[in-house]
Amino acid sequence: MKNFKWPLITSAVSSIGIFTYLLIDQSLTIRSVSDTFFIVSLFFLIIGLAMWIMSSGFFDNFQRFMKMHFRFRKKNEPKEFIPFSEIGKAHQLYWLETGGILLIVSIVSLLFYFL
């Protein structure tokens, strides 16, 4: 549960921001709530999915190829590099969980819209 704390906090802050925006814009309807939550959840899900794909090791060979054939580094710089699969591995679940929570809120509000 400790790892799930930050996605909940981020989702709550995002929800407060969304409701504040909709109140200021004077368009607080169930449909606008659903649409706005969906757009914000897409932001988090796209980043999380990109990190997930990068952490799978799919782009590591491409990165190694670019480093080997286009040597834009100095002679003193070491030949080793940090592969893409190591960069976003720790935080991909944060983005996916936050996006999932906001997507669930969007779907629930969409269900209320159609009832």
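Residues numbered from 1 in each chain as written. Predicted model: local features only at pLDDT ≥ 70, side-chain atom pairs only at ≥ 80, totals over all residues. Heavy atoms only, no water.

Once that is clear, we can look at the UniProt feature "transmembrane region" (unreviewed entry) in the protein. Within the UniProt annotation, "transmembrane region" (unreviewed entry) is assigned to residues 6-24, 36-59 and 93-114. Secondary structure across residues 6-24 divides into 100% helix and 0% strand, with the first and last C-alpha atoms of the span separated by 27 Å. The span residues 93-114 carries 100% helix and 0% strand; its end-to-end C-alpha distance comes to 31 Å. (UniProt positions renumbered as here; feature names shortened; annotations may be inferred. Helix = DSSP H or I, 4+ residues; strand = E, 2+ residues; numbered from the N terminus.)

Attention now goes to the pattern of salt bridges. Taken as a whole and judged by the stated rule, the model has 1 salt bridge. The residue R31 makes a salt bridge to D35 at a minimum N-O spacing of 3.9 Å. On the criterion of helical spacing, the pair formed by R31 and D35 is a turn pair, its members being 4 residues apart in helix 2 (residues 30-55). R31 gets classed as partly exposed once you look at its relative accessible area, which sits at 49%. (Salt bridge = Lys/Arg side-chain N within 4 Å of Asp/Glu carboxyl O. Buried < 20%, exposed > 50% of the residue type's maximum accessible area, 1.4 Å probe, protein only.)

The next point concerns the packing of aromatic side chains. The geometry of an aromatic ring pair comes down to the distance between the two centres and the angle between the two planes. Here the structure, examined in full by the defined rule, presents 6 aromatic pairs. A centroid spacing of 5.7 Å and a plane angle of 65 degrees characterise the contact between F19 and F37, whose relative ring orientation is edge-to-face. Remark: F37 occurs in helix 2 and F19 occurs in helix 1 (residues 5-25); sequence separation between them is 18 residues. A relative accessible area of 35% means that F19 is categorised as partly exposed. Considering the side-chain rings of Y94 and W95, the 5.5 Å spacing of their centres and the 80 degrees angle between planes classify their relative orientation as edge-to-face. What makes Y94 partly exposed here is its relative accessible area of 25%. By the ring-pair criterion, three or more aromatic residues cluster together here, those being F43, F44, Y94 and W95. (Phe/Tyr/Trp six-rings, centres within 6.5 Å; stacked < 30°, edge-to-face > 60°.)

Between its terminal C-alpha atoms helix 5 (residues 92-114) stretches 33 Å, which fits the 33 Å expected from 23 residues at 1.5 Å a residue. Within the sequence span of helix 5, burial applies to Q92, W95, T98, G99, I101, L102, S106 and S109. Tucked inside the fold, the buried residues of helix 5 contact helix 1 and helix 2. (Expected span 1.5 Å × (residues − 1). Contact = heavy atoms within 4.5 Å.)

Look at helix 1 against helix 5: their axes get within 9 Å of each other, and the N-to-C directions meet at 45 degrees. The angle between the axes of helix 1 and helix 5 places the two elements in the oblique class. Crossing hand, helix 1 versus helix 5: right-handed. On helix 5, the residues that touch W6, P7, L8, T10, S11, S14 and S15 of helix 1 are Y94, E97, T98, I101 and L102. Among the residues forming the contact of helix 1 with helix 5, the class breakdown is 6 nonpolar, 5 polar and 1 charged. (Axes fitted to C-alpha atoms, helices over the stretch in contact; angles between N-to-C directions. Parallel < 35°, antiparallel > 145°, perpendicular 65-115°, else oblique. Left-handed = near helix turned anticlockwise from the far one by under 90°. Nonpolar A, V, L, I, M, F, W, Y, C, P; charged D, E, K, R; others polar.)

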